[in-house]
Amino acid sequence: MNLSIDVKYFKNQVIDLRKKLNECLTYGILDDSFQERLEKLLQIEQELLTELIPYYRVYSNNIKKTSMKVNPIKQFGSFDFDSFLQRALRINDNLFIISGIDGKVQFFYIDSAYNSYSHNQTHVEWSPPIKNIKERISFIYKLNDKEIMLLGVKGGYYLLSNNNFDEMTDINGQIRVKKIETEHNFNGFGRCLAINDGVFVVENGDEKLNLLETVKEKDEWSLIFYKDIYCTISNWTALEKISDDYFAAGTKAGELYFIKYENSKLNITEKIKCLNDEIRQIRCLENENGSMSSLIVIGNNGHLKILSLCKDSKTVKIELNDLKGNLFDVQSKNGTAVVLSEDGIIYFLEENFGNWYLNDEAVIKDVFFTNILKFDISKYLLMDVEGKLNMLYIDRIDTPKDLWEQPLYQ
């Protein structure tokens, strides 16, 4: 095993400390350095167990097999969500804001204080729809702790403000809504992607991606539309930010474009044939250490590909062409990824030792959901066709505590 911890040294230190404890039990005198040495060994133990986790996941299937299950989330309060989700933004650990295709914008609060794998005690509470918004919202962006920006398909620019959204617990509290006048030469905001702090690329209706920026001067927000800074991509379908000012775009023909904003231009730096069908979604995959060095591309007819994000080349890590149905949504968090299929299948991918692979044994079939949102380690939110939220639990070894709870020697 490739471990950074000197296991022999660790064992010897444990044995020696055990001797010191036995001497204490005999003579009633505890060495002054005992507590300090114990704390250092506990820290080393945590590091060692963390490095051992993927070994147990990969090589010890007889101990614990990864599985998934879906539990409905109990709904409290007088309001619900009765539309299809258009856009979602996570404000803090428990608070979300979403827009529906019917033009309504609502908050929902997830109480996850007792959401253990074996007990369905999670509940959700919805706010009433926000007043004074009369169009479908295509993009939501958190400007700061007190202000959230919304862009509408008819060209509306709305500012939601609150004393502090991050500390907001009363989702039915007063939200101030202000519509800001804009000057731009297109009729509405289509699909949009944040590529840096306050800098976006936005769909301009004619296969152009234009640069858009929001700025604040004298306590007033405004939008700057750069009509001369754009790139044209035919039949594009999906966007994903890779790093600051660098993003990817997929097309109906299965092509993947890599685009960099530099020197006041949107430059296409690379173009590859990725899938043999329409690309439906692109996401960066989050490793267990929180880094994002891989890109997952999913599409119609069960096509899926994972690419490494190297500077010089985009190496293919996984290519799958035999999954069932059109794959349309994917989310990733802490070394896991969940993919939704229009055939009512939830696919699960996980990362071990820096490599991603499909876990065939954890697949869930005959369940139909429209959207997936990442929530916590091995926990995702699923929205069904009725607008109800469910919690997807992934039961796997994630932490040193999980290892301690396993019967390792049976």
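Up top you'll find the structure we're talking about.
Residues numbered from 1 in each chain as written. Predicted model: local features only at pLDDT ≥ 70, side-chain atom pairs only at ≥ 80, totals over all residues. Heavy atoms only, no water.

When its secondary structure is counted, the protein chain shows three helices and 29 strands. A principal-axis box enclosing the C-alpha atoms of the protein chain has dimensions of 85 × 50 × 45 Å. Within the span of the protein chain, comprising 410 residues, buried residues form 51% of the whole. If you sum the accessible surface of the protein chain, you get close to 20,800 Å²; carbon and sulfur atoms cover 45% of it. (Helix = DSSP H or I, 4+ residues; strand = E, 2+ residues; numbered from the N terminus. Buried < 20%, exposed > 50% of the residue type's maximum accessible area, 1.4 Å probe, protein only. Areas by Shrake-Rupley, 256 points an atom, 1.4 Å probe, with all protein chains shown as cover.)

We now examine helix α1 (residues 7-27). When the terminal C-alpha atoms of α1 are compared, their 30 Å separation across 21 residues agrees well with the 30 Å that a helix rising 1.5 Å per residue should span. Among the residues of α1, those classed as buried are Phe10, Leu17 and Cys24. Buried residues of α1, seen end-on, are gathered within an arc of 40° and therefore sit on one face of the element. Of the residues in α1, the exposed ones pointing more than 90 degrees away from the buried face are Lys8, Lys11, Lys19, Thr26 and Tyr27. For α1, the secondary structure elements touched by its buried residues are α2 (34-59). The distance from a side-chain oxygen at the start of α1 to the backbone nitrogen of Lys8 is 3.3 Å, and the residue carrying that oxygen is Asp6. Gly28, located one to two residues past α1, shows a positive phi value of around 75°. (Expected span 1.5 Å × (residues − 1). Arc of directions from axis to C-beta. Contact = heavy atoms within 4.5 Å. Polar contact = N/O pair within 3.5 Å; in protein donor to acceptor, adjacent residues only side chain to side chain.)

As for its placement among the helices and strands, Lys314 is situated in the loop between β21 (304-308) and β22 (316-320). You can call Lys314 buried: its relative accessible area is 11%. Within polar-contact distance, the side chain of Lys314 engages the side chain of Glu270 at 2.8 Å. Lys314 has contacts with Tyr246, Phe258, Glu270, Ile272, Leu307 and Ser308, leaving out every residue within four places of it along the chain.

In this structure the tally under the stated criterion is 18 salt bridges. A salt bridge links Lys178 to Glu220; the shortest N-O distance between them is 2.9 Å. You can see Lys178 sitting in strand β10 (residues 176-180) and its partner Glu220 sitting in strand β14 (residues 220-232), a full 42 residues away along the chain. Looking at Glu220, the relative accessible area reads 41%, which means it is partly exposed. Note that Arg396 and Asp398 form a salt bridge whose closest N and O atoms lie 2.8 Å from each other. (Salt bridge = Lys/Arg side-chain N within 4 Å of Asp/Glu carboxyl O.)

Locating Glu286 in the fold gives a position in the loop between β19 (279-285) and β20 (294-299). Lys374 provides the closest opposite charge to the buried, salt-bridge-free Glu286, at an N-O distance of 4.3 Å. A distance of 3.1 Å separates a polar atom in the side chain of Glu286 from the backbone nitrogen of Asn334. If sequence neighbours within four positions are ignored, Glu286 has contacts with Ser291, Met292, Ser332, Lys333, Asn334, Gly335, Thr336, Trp356 and Lys374. (Lys, Arg positive; Asp, Glu negative; His and termini not counted.)

We now examine the sheet that holds strand β15 (residues 236-243). An order of β15-β16-β17-β18 is seen for the four strands of this open sheet, with the pairing classed as antiparallel. Either end of the sheet is taken by a strand with one partner, and the two such strands are β15 and β18 (265-273). Each neighbouring strand pair of the sheet contributes to a mean axis angle of 25°, computed without reference to strand direction. (Pairing = 2+ DSSP bridges. Axes fitted to C-alpha atoms, helices over the stretch in contact; angles between N-to-C directions.)

What follows is about the packing of aromatic side chains. Applying the stated criterion across every chain, the model contains twelve aromatic pairs. The interplanar angle of 10° and the centroid separation of 5.2 Å between the aromatic rings of Phe81 and Trp126 together place this pair among those described as stacked. Residue Phe81 is located in the loop between β2 (74-76) and β3 (85-90), and its partner Trp126 is located in strand β6 (residues 123-126); the two are separated by 45 residues in the primary sequence. Its relative accessible area of 1% is what places Trp126 among the buried residues. Aromatic pair Tyr141 and Phe200: ring centres 4.9 Å apart, planes at 90°, arrangement edge-to-face. Separated by 59 residues along the polypeptide, Tyr141 in strand β7 (residues 137-142) and Phe200 in strand β12 (residues 199-203) bring together distant segments of the chain. For the pair shown, Tyr141 and Phe200 are each scored as buried. (Phe/Tyr/Trp six-rings, centres within 6.5 Å; stacked < 30°, edge-to-face > 60°.)

Note on Tyr141: relative accessible area 15%, which makes it buried. Between the C-alpha atom of Tyr141 and that of Leu159, which follows or precedes it by 18 residues, the distance is 9.9 Å. When sequence neighbours within four positions are dropped, the list of residues in contact with Tyr141 reads Leu89, Ile148, Met149, Ala194, Asn196, Asp197, Gly198 and Phe200. Within the structure, Tyr141 has its side chain in polar contact with the side chain of Asp197 (distance 3.4 Å).

None of the figures reported here should be taken as evidence of function without further support.
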